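Results of the structural survey
The residues making up each chain are set out below.
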Amino acid sequence: MSAQLDLEVPARDDVIVLDAEVPEKIIWPVAGGKGGTGKSTLTANLGVGLALLGHKVILVDGDLGGADLHLFFDQITPPCSLANFFNREVSSLQEVLVPTPSENLKLLCGGNEFVGLANLAHQTKQKFMRHIMRLDADYVLIDLGAGTSFNTLDLFALSNDGIIVSTTEPQSRVDAYGFLKNAVYRRLHRAFGRKTRAKMMVEEFSRDSGRKSGRVEHLLESLDSVGDSEGLRAREVLGEYHPQFLLNRVRREAQIEEGQRFLQLVRQYLSVDPHYIGHVRTDSKFLEACERRRPLLIDSPNAHAVKDLCNVLMNGLGVPDRLRRFGPGHCRRIAGVARIEAKFW
Amino acid sequence: MGMAFCELLSLRWFGRRQTVDEPFEIITEIRRASRILIIPNDRIGGFIGGATVYRAVRKSYPAAEIMLLSDQRHAVLARQMSHVDRVIAGPIGGPVWSAGFRELCKLVAKTQPDLTLCLGIDCSSRSAHLCQESSARIRVGFERTDIQAFNVELTTRSSDLHEEEQSRIFLDVLGLKCSGPTWWTVADGRGEQLRSRYFGAEADREDLIAIDLARGAGRRWPNKMVRELVGRVLERWSRVVLFFTLAERKQVDYLMATFRGQALAFQQHDLSEVAALLAGCAALITRNTDVAHLAMALGRPTVAVLDEDPSRWISQTCPTVSVVCSRDPRGSGAAVLAQAAEKWVDGNPVQRGTN
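The next point concerns the overall build of chain B. Helix and strand counts for chain B stand at 14 helices and 13 strands. In chain B, buried positions account for 57% of the 355 residues. Once local pairs closer than 6 in sequence are excluded, the contacts in chain B between residues at least 24 apart make up 64%. Working note: accessible area of chain B is about 15,300 Å², and carbon and sulfur atoms make up 50% of it.

Set out below in structure tokens:
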């Protein structure tokens, strides 16, 4: 009886195999803590802006139970949504993407008709998150709902650079701070294994000092006393975390300075380093665009809020024009591209 | 002309002073080389055509350290050459008096090769200068009149030889065995992901035609002609893939606005990305030899519009290229090019290499 040898076929030396680099997918969850700060509006418009810059974009409506992103694209009843996915009618999120008039932009609509979507079971949520990671695009923007539920926090944790949207009202900033605090504690909580001393310390801290004005730095010092690796691990987790802050509905210069002071407080109390990516001024044209169920960039490309959005995209978020038409200093030219694009919407 | 003169002057100013070596046996030294630096022709065609040389050198010197000098634009491709141990990338195309070029010269000098091979009959004086800077004991190159960079010079009867011919001559003279042509292919995984992301998961190769808008050394195609060409191509194929350089970005903008949804545009800065995308197209129409060489290497049917004798740029043995010669780019006519592409794609299912 002879045994068949399994020989590895050597690579041919007369063939050069080229391997392309696929641009890394960037995921930006958009949250804010408070409702009505303009998360969905800004998510829709940032998505359109990215598409105008030549990138492939997928917008995910992660506001489970309160989905409305599709309304910005004139989709009253989308042909498919997350409901199809959670009902297991499709096996991947790619199959429920809804095209938009822009070839670079696709939409993953929330399924409001699916009862109980806001209270996903843990396993279902994990599955949803895994499938989001498998979506293939240059940028994936996830519009999250208000509040600090675990679903929202965990979806926000899909990225180290999630976007926090706040308006100029103190109530909004307080809720944004609350959201960030919850996000930080959630991260620290998940950084350590079950029933470890470090995890218990994080839980205890969040219950006691965290409720008052305790600083995360004190928690880190306590973790240092547990052991070298715990303290280091916690600092590593927070060191990688750079949430991005976007100020919406700005009316005065002084409000931008207040926003910057807010970020200083976040750095001081939460030991994370948020980035300020810009502001968007109040503009009545937003409301008109919403009523017409179109993004502002397409509805009124000459609006001054469009200039702010373009500035946020190219300077704040550092998104390059894939077609190299203009650099960050000429971001207003996106309006010209938007005007041409608008003819096809 | 003025620029070339300034360059030569700078090279002579910055160049190493010639030293007189003790006499040595050339063939023995060539055989004994343990550190070999290869300087391919500046242009992408020379770089791709030189693959046969890199392979032959690796086969003849299995234990030697083989270094490849590459322009920054081609560095992505260079790093994927399995026959090469080390890639030295720098601004070969930059001004010779620039800090970047001077830095590259120092880097090359530090490599201390035993043998430097400067490929290309018409390689630039910068490449020859870099060969000189390497200070290798043996510096081999084709004969030049502007710089005395080589101590072993090859002379040919004609300067209009294709890269393949030049490589063969090079290897013959050095006594290195040429082991047949080199094939190029694109790896499936990431290439497919790239095509799926930008062309769409359902995109069929037969639906896409690539057009390279880069003007190369000649005049650019006028907007009207390109618009007509794209329009005619779209009568047969569903979408057009436009490759461009920064110089053509306004033209690309115009075409994207005109053929929105049917035209996809990609800049040529990453040649491995260009290769992956080309692999998903039925054919390429081009008047610039850079992307044409890549398409030919990948076995994609190519319609090349050239305003000079094509034998210098297109190998006579390449079965996948159709050459349309025209001194005036406008004289070719969009209809002629579109018809050539259609005929070529229909009659050319050939693909070289393996997938």
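Judged by nonpolar contacts, the single largest core of 105 residues is most densely connected at Val-60, Leu-93, Phe-128, Ile-163 and Leu-246 of chain A. Sort the elements by how many residues they give to this core and helix 5 (residues 170–191) of chain A lands first, with eight residues. When near neighbours in sequence (up to four residues on either side) are disregarded, Leu-246 of chain A contacts Leu-42, Leu-46, Ile-163, Ile-164, Val-165, Ser-166, Ile-277, Gly-278, His-279, Val-280 and Val-312 of chain A. Within the second largest apolar cluster, 65 residues are counted, among which are Met-81, Leu-194, Phe-199 and Cys-281 of chain B.

With that settled, the discussion passes to the interface of chain B and chain A. At the interface, 39 residues of chain B touch 27 residues of chain A. Carbon and sulfur atoms supply 53% of the area that chain B and chain A bury against each other, a total of about 3,200 Å² over both sides. On inspection of chain B and its partner chain A, the count reaches four salt bridges. Of the charged contacts, one joins Arg-260 of chain B and Glu-341 of chain A as a salt bridge, the two residues approaching to 3.2 Å between their closest N and O atoms. For the pair chain B and chain A, the interface holds 16 residue pairs in polar contact (both at pLDDT 80 or more). For the side of chain B that touches chain A, the secondary structure elements donating two or more residues are helix 4 (51–60), strand 7 (183–186), helix 9 (188–199), helix 11 (249–258), strand 10 (263–267) and helix 12 (271–278) of chain B. Residue classes in the side of chain B that touches chain A are distributed as 21 nonpolar, 10 polar and eight charged. The pairing of strand 1 (residues 15–18) of chain A with strand 7 of chain B spans four bridges and is parallel. Within the sheet, the bridge partner assigned to Leu-18 of chain A lies in strand 7 of chain B and is Val-186 of chain B.

All names here are of chain A. In this structure the tally under the stated criterion is 25 salt bridges over all chains. Between Arg-235 and Asp-224 there is a salt bridge, with the nearest N and O atoms lying 2.5 Å from each other. Taken together, the residues span a long stretch of sequence, with Arg-235 in helix 8 (residues 228–239) and Asp-224 in helix 7 (residues 216–226) at a distance of 11 residues. On the basis of relative accessible area, Arg-235 is assigned to the partly exposed category, the value being 31%. Overlapping salt bridges bring together Lys-125, Asp-154, Arg-186 and Arg-190 as one network.

On to the packing of aromatic side chains, then. Residue and element names in this part refer to chain B. Under the definition given, this model contains 12 aromatic pairs over all chains. A ring pair is formed by Phe-199 and Phe-266, whose centres lie 6.1 Å apart and whose planes are at 70°; its orientation type is edge-to-face. Taken together, the positions of Phe-199 in helix 9 and Phe-266 in strand 10 put the pair 67 residues apart, joining distant regions of the chain. The pair Phe-199 / Phe-266 is uniform in exposure class, with both members buried. Taken together, the aromatic side chains of Tyr-198, Phe-199, Phe-243 and Phe-266 make up a single cluster linked through ring pairs.

We now examine the state of the cysteines. What we call a disulfide is simply a covalent bond connecting the sulfur atoms of a pair of cysteines. Tallying each qualifying case throughout the model produces zero disulfides over all chains. Residue Cys-290 of chain A stays outside any disulfide, its sulfur separated by 16 Å from that of Cys-109 of chain A, the closest cysteine. Judged by its relative accessible area of 30%, Cys-290 of chain A falls in the partly exposed class. For the unlinked cysteine Cys-105 of chain B, the closest cysteine sulfur is that of Cys-131 of chain B, found at 12 Å. A relative accessible area of 2% places Cys-105 of chain B in the buried class.

As a further point, take the confidence of the model for chain B. Residue and element names in this part refer to chain B. Here chain B averages 81 in pLDDT, while 83% of its residues score no lower than 70. For chain B, the element scoring lowest by mean pLDDT is helix 1 (residues 2–14), at 64; strand 1 (residues 35–39) scores highest, at 94. Low pLDDT, under 50, characterises residues 349–355; the predicted model gives this stretch 19 contacts beyond four residues in sequence or across chains. We note a pTM of 0.81 for the whole complex and an ipTM of 0.78 for its interfaces.

All names here are of chain B. By the criterion of burial, helix 13 (residues 289–298) is predominantly enclosed, with nine of the 10 residues buried. Among the residues of helix 13, Thr-289, Val-291, Ala-292, His-293, Leu-294, Ala-295, Met-296, Ala-297 and Leu-298 are the ones counted as buried. Positive backbone phi, approximately 80°, marks Gly-299, located one or two places after helix 13.

Our focus in this paragraph is the sheet that holds strand 7 (residues 163–167) of chain A. Residue and element names in this part refer to chain A. Ordered in space as 4-5-3-6-2-7-8-9, the eight strands form an open sheet in which the pairing is mixed. Pairing within the sheet leaves two strands with one partner each, and these edge strands are strand 4 (98–99) and strand 9 (275–281). Strand contacts of helix 1 (residues 39–52): strand 2 (26–31), strand 3 (57–62), strand 5 (105–108), strand 6 (139–144), strand 7, strand 8 (244–250) and strand 9, with the helix running at about 170° to strand 6, the strand carrying the most contacts.

Conventions adopted
- Residues numbered from 1 in each chain as written.
- Chains lettered and ligands numbered in written order.
- Predicted model: local features only at pLDDT ≥ 70, side-chain atom pairs only at ≥ 80, totals over all residues.
- Heavy atoms only, no water.
- Helix = DSSP H or I, 4+ residues; strand = E, 2+ residues; numbered from the N terminus.
- Buried < 20%, exposed > 50% of the residue type's maximum accessible area, 1.4 Å probe, protein only.
- Contact = heavy atoms within 4.5 Å.
- Areas by Shrake-Rupley, 256 points an atom, 1.4 Å probe, with all protein chains shown as cover.
- Core = buried A, V, L, I, M, F, W, Y, C linked by side-chain atoms within 4.5 Å.
- Buried area = accessible area lost by both parts, 1.4 Å probe.
- Salt bridge = Lys/Arg side-chain N within 4 Å of Asp/Glu carboxyl O.
- Polar contact = N/O pair within 3.5 Å; in protein donor to acceptor, adjacent residues only side chain to side chain.
- Nonpolar A, V, L, I, M, F, W, Y, C, P; charged D, E, K, R; others polar.
- Pairing = 2+ DSSP bridges.
- Phe/Tyr/Trp six-rings, centres within 6.5 Å; stacked < 30°, edge-to-face > 60°.
- Disulfide = S-S within 2.5 Å.
- pLDDT = per-residue confidence, 0-100.
- Axes fitted to C-alpha atoms, helices over the stretch in contact; angles between N-to-C directions.

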